[in-house]
Amino acid sequence: MSRINFVENELTIDPFLFSHGYKNGDSPLQCDGKCCSYGVYVDVEEHKKILANTDSIKKYFDETQTTDVSKWFEQEFIEDKDFPSGKCIGTEVFNDKCVFLNKSGKCTLQQMSIAEGKHPWDLKPYYCITYPLAVIDKKIEWDDMLDGERPCCTARENFNTSCAQACGLEMNFILGKNHENVLTTKHNEL
Ligand code: SF4
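Summary of the structure given here. Because the structure is predicted, anything quoted here is derived from the model rather than measured.

## Considering the overall build of the protein
Along its length, the protein carries seven helices and 10 strands. Residues counted as buried form 46% of the 190 residues belonging to the protein. Considering only contacts within the protein whose residues lie at least 6 apart along the sequence, 70% involve residues at least 24 apart. Surface summary for the protein: the accessible area is close to 9,700 Å², and the carbon and sulfur share equals 46%.

## Examining the sheet that holds strand 4 (residues 78–79)
Strand order in this open sheet of three strands is 3-5-4, and the pairing throughout is antiparallel. Across the chains shown, the open sheet's two edge strands, defined by having one partner strand only, are strand 3 (41–43) and strand 4. Taken together, the three bridges between strand 3 and strand 5 (residues 87–90) define a ladder with antiparallel strand orientation. Considered in strand 5, the bridge of valine 42 is made with isoleucine 89.

## Description of helix 2 (residues 44–51)
Residues Val44, Glu46, His47 and Ile50 constitute the buried set of helix 2. Axial view of helix 2: buried residues confined to an arc of 165 degrees, hence all on one face. The N-capping residue of helix 2, defined by a side-chain oxygen 3.0 Å from the backbone nitrogen of glutamate 45, is aspartate 43.

## What to know about the site of the ligand
Taken together, Cys36, Val40, Cys98, Phe100, Leu101, Cys107, Leu109, Lys124, Pro125 and Cys128 make up the full set of residues near the ligand. Here the shell around the ligand is composed, by residue class, of nine nonpolar, no polar and one charged.

## Notes on the sheet that holds strand 8 (residues 133–136)
Across the sheet, three strands lie side by side as 1-9-8; this open sheet has mixed pairing. Among the strands making up the open sheet, the edge pair consists of strand 1 (12–13) and strand 8. The pairing of strand 1 with strand 9 (residues 139–142) spans two bridges and is classified as parallel. By the bridge assignment, isoleucine 13 is partnered in strand 9 with isoleucine 140. Taken strand by strand, helix 7 (residues 168–175) contacts strand 1, strand 8 and strand 9, and its axis lies near 30 degrees from that of strand 8.

## Quick look at the pattern of salt bridges
Tallied over the entire structure, the rule returns eight salt bridges. Across the pair arginine 156 and aspartate 26 runs a salt bridge, and its minimum N-O distance is 3.8 Å. Residue arginine 156 is located in the loop between strand 9 and strand 10 (161–162), and its partner aspartate 26 is located in the loop between strand 2 (21–22) and strand 3; the two are separated by 130 residues in the primary sequence. Put simply, lysine 49 and aspartate 122 hold a salt bridge, and the shortest N to O gap is 3.4 Å. Pair noted here: lysine 49 is in helix 2 and aspartate 122 is in the loop between helix 4 (108–115) and helix 5 (126–130), with a separation of 73 residues, a long-range link.

## Overview of the side chain of threonine 154
Turning to its location among the elements, threonine 154 is positioned in the loop between strand 9 and strand 10. Using a relative accessible area of 9% as the deciding quantity, one classes threonine 154 as buried. Here arginine 150 takes part through its backbone oxygen, which lies 2.6 Å from a polar atom of the side chain of threonine 154.

## A word on unusual backbone geometry
Residue proline 132 is bonded to the preceding tyrosine 131 through a cis peptide linkage, with omega at 15 degrees. Looking at the element boundaries, proline 132 is found in the loop between helix 5 and strand 8. Residues other than glycine seldom take positive phi values, yet asparagine 24 does so here, at roughly 55 degrees. Within the secondary structure layout, asparagine 24 lies in the loop between strand 2 and strand 3. One non-glycine residue with positive phi stands out, namely lysine 138, at about 60 degrees. One can find lysine 138 in the loop between strand 8 and strand 9. On the basis of relative accessible area, lysine 138 is assigned to the partly exposed category, the value being 45%.

Conventions adopted
Residues numbered from 1 in each chain as written. Predicted model: local features only at pLDDT ≥ 70, side-chain atom pairs only at ≥ 80, totals over all residues. Heavy atoms only, no water. Helix = DSSP H or I, 4+ residues; strand = E, 2+ residues; numbered from the N terminus. Buried < 20%, exposed > 50% of the residue type's maximum accessible area, 1.4 Å probe, protein only. Contact = heavy atoms within 4.5 Å. Areas by Shrake-Rupley, 256 points an atom, 1.4 Å probe, with all protein chains shown as cover. Pairing = 2+ DSSP bridges. Arc of directions from axis to C-beta. Polar contact = N/O pair within 3.5 Å; in protein donor to acceptor, adjacent residues only side chain to side chain. Near = heavy atom within 4 Å. Nonpolar A, V, L, I, M, F, W, Y, C, P; charged D, E, K, R; others polar. Axes fitted to C-alpha atoms, helices over the stretch in contact; angles between N-to-C directions. Salt bridge = Lys/Arg side-chain N within 4 Å of Asp/Glu carboxyl O.

Next up, the structure:
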């Protein structure tokens, strides 16, 4: 799998990821796709790679998605130094969900890659893979977008498993370490 290198310099890890966590068996693997309701920002190169695969992606869309490529992304790139190119663009929301989310709550970019024998994360945007972690100003942080709304995205002060441990696969991906066990976990289905 060839991916854009998002992080070239050393990263720091927010201590929050060790002082908060999940309890009672909750984990990121309970994901029900709620985090995909709003779309995601992608780098210029990720945008290009997705558009280079439009015909294949469309084959895996269902009736709740649009094959009109002009509706897949917002109109303008915005400056953002957390992206390798320094610019990003948002995926559009269609039928109250990311344009790439199918009616079963699965990411079509991932489903297409799996169906075509590629790594499940081949086309999936960087910040979709890392969520609920995010890299902000070269620091790995907790993304609190859905904190308190969904057990899979809620970090608690009283916990059994720290965020860092529960999100080990996402952390390894960010740090460039081996994350191939994605192929044997529920991550492969998201
Ligand atoms: S690109 Fe895929 S994983 Fe990312 S928000 Fe859209 S549907 Fe969800």
